Amino acid sequence: MPLIILLVQVIFLYTLGGDVGRWGLLGIFLGLGITYSILSFKSPRGLTLPKEPLSWLVGQVNKMAERGGVRNISLKILDDYIPTAFSYGKTVVLSLGLFEILDGDEILAVAAHEIGHIKNRDTLLFPLLMYGRYASILMTLIAFLLVRSLLWDSFFALMTVGYELWRSSYMREREFKADETALWLVENPRSLKRALEELKYYEDLRKEVYSSTFPSLSPSIERPERTKTGFFMNSHPSYEERILRIIREIEALEIARRMVN
Amino acid sequence: MGGDMDKKLDFKPNRTGLKAVLPELEAEIMEYMWETRTATAGEVYEHLRKIHPTLRRSTVSILMNRLCEKGLLSRSVDYGRGGMKYVYTITTSRKEFEEKIVSTILNSLLNNFREATYAYLSKIKK
């Protein structure tokens, strides 16, 4: 679907934009291609390899990766007090903040989610989708400048909105898929649910503490209503959605195990 | 201690002790940190849980980082036996903190209510 949208935009800009449009197209794809190539070789800053005391974590992460059929995975630690995790290439990154709020099993569950992304090739797909987004936006901007027609400008804008809506929806589904993969990789599936609950609590509490003058002992964890626009454009599902799905998956797993036994 | 203590100080005269200048949990964290001088968020959490059984690790982590931003604690990475983790250390003694609070409040009173402050200080001196 995203390729079709991009292809349609390329064809129309090539046809309607004249020579300037064609040069613009070349510039967009060449520029994005060079940027992607450069950034692919660059590791994010501030990462360290786990020291000896974290050998238990390295061992367990390798074990989960083997279970998932992923080879040569590496683990890095980010010196950041905010609990976060991400992956790039075949590397899983966990921040030190995670170690403050989660126990061992829960940290492994978060690592398993990231291994899920690597296994599902999201570390390759996500950057490509992001660059596709930039390409779509840039093509629309060039169209606005060159094709002075409300009909065609609206068409290009709709294509970009369509790409963005599809991309957000697809990336949310990939998060759910990474959760499903993680449930198969961890020894204790409920640890993923617990990890997400704690991360949700942290996120809500942090907003509460930093927005209020007098942080209270028992802060409210009510979230403001997500706006409809925010929901459609958000590439990450909410913690509530993920936790709900995980509960259903765990129940299904348990039923399946009981039937086998 | 952070140079912008003046901006972050909220004085509540109806509260007692440290809770007059720090939110309740932050005050309890600092009481513990002044005793131990150095601790991890986990150690602080285990201590506070005895008083607040429903307390969560995230609460302690966020508040200790807030205390770092206020300049009362500093954070460093420790490569100990338990793994890599953050260790928090006090940046100022309790005495220095209290002196800073008193000077901040008195300076503010003198700036805003000069005559009344002098009159009151003279009265209590007698």
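Described below are features of the structure shown in this document.

1. Brief notes about the layout of surface pockets
What the second largest pocket holds in volume is close to 350 Å³. In terms of lining residues, the second largest pocket is bounded by 20 residues, among which Phe99(A), Glu100(A), Gly42(B), Arg57(B) and Lys85(B) are the most central.

2. Here we look at the packing of helix α1 (residues 2-16) of chain A against helix α7 (residues 150-185) of chain A
Residues and elements named next belong to chain A. With their axes 9 Å apart at the nearest point, α1 and α7 run at an angle of 160 degrees to one another. Judged by the angle between their axes, α1 and α7 are roughly antiparallel. Regarding α1 and α7, the two cross each other, and that crossing is left-handed. Facing α1, whose interface residues are Pro 2, Ile 5, Leu 6, Val 8, Gln 9, Phe 12, Leu 13 and Leu 16, α7 presents Trp 152, Phe 155, Phe 156, Met 159, Thr 160, Gly 162, Tyr 163 and Trp 166. When its residues are assigned to classes, the contact of α1 with α7 shows 13 nonpolar, three polar and no charged.

3. What about the sheet that holds strand β3 (residues 85-88) of chain A?
Residue and element names in this part refer to chain A. The four strands lie next to each other as β1-β2-β4-β3, forming an open sheet whose pairing is mixed. Of all strands in the sheet, those with a lone pairing partner are β1 (47-48) and β3, marking the two edges. Across two bridges, β1 lies against strand β2 (residues 74-78) in antiparallel orientation. By the bridge assignment for β2, Leu 47 is matched with Leu 78.

4. Here's the deal with the interface of chain B and chain A
Counting residues at the interface gives 28 residues for chain B and 27 residues for chain A. Carbon and sulfur atoms supply 61% of the area that chain B and chain A bury against each other, a total of about 2500 Å² over both sides. The tally of links from chain B across to chain A stands at one salt bridge. The partner of Glu198(A) in a salt bridge is Arg56(B), and the shortest N-O contact between them spans 3.0 Å. Between chain B and chain A we count nine residue pairs in polar contact (both at pLDDT 80 or more) in total. Where the side of chain B that touches chain A is concerned, the elements lending two or more residues are α2 (24-36), α4 (57-69), β2 (73-80) and β3 (83-90) of chain B. It is α4(B) that provides the largest number of residues to the side of chain B that touches chain A, a total of nine residues. For the side of chain B that touches chain A, the residue count by class is 10 nonpolar, seven polar and 11 charged.

What counts, and where the lines are drawn
Residues numbered from 1 in each chain as written. Chains lettered and ligands numbered in written order. Predicted model: local features only at pLDDT ≥ 70, side-chain atom pairs only at ≥ 80, totals over all residues. Heavy atoms only, no water. 1 Å grid on protein atoms, 1.4 Å probe; cavity = no way out; pocket = protein on both sides within 12 Å on 5 of 7 lines; lining within 4 Å. Points joined across faces, edges and corners; volume = space filled by probe spheres on them. Axes fitted to C-alpha atoms, helices over the stretch in contact; angles between N-to-C directions. Helix = DSSP H or I, 4+ residues; strand = E, 2+ residues; numbered from the N terminus. Parallel < 35°, antiparallel > 145°, perpendicular 65-115°, else oblique. Left-handed = near helix turned anticlockwise from the far one by under 90°. Contact = heavy atoms within 4.5 Å. Nonpolar A, V, L, I, M, F, W, Y, C, P; charged D, E, K, R; others polar. Pairing = 2+ DSSP bridges. Buried area = accessible area lost by both parts, 1.4 Å probe. Salt bridge = Lys/Arg side-chain N within 4 Å of Asp/Glu carboxyl O. Polar contact = N/O pair within 3.5 Å; in protein donor to acceptor, adjacent residues only side chain to side chain.

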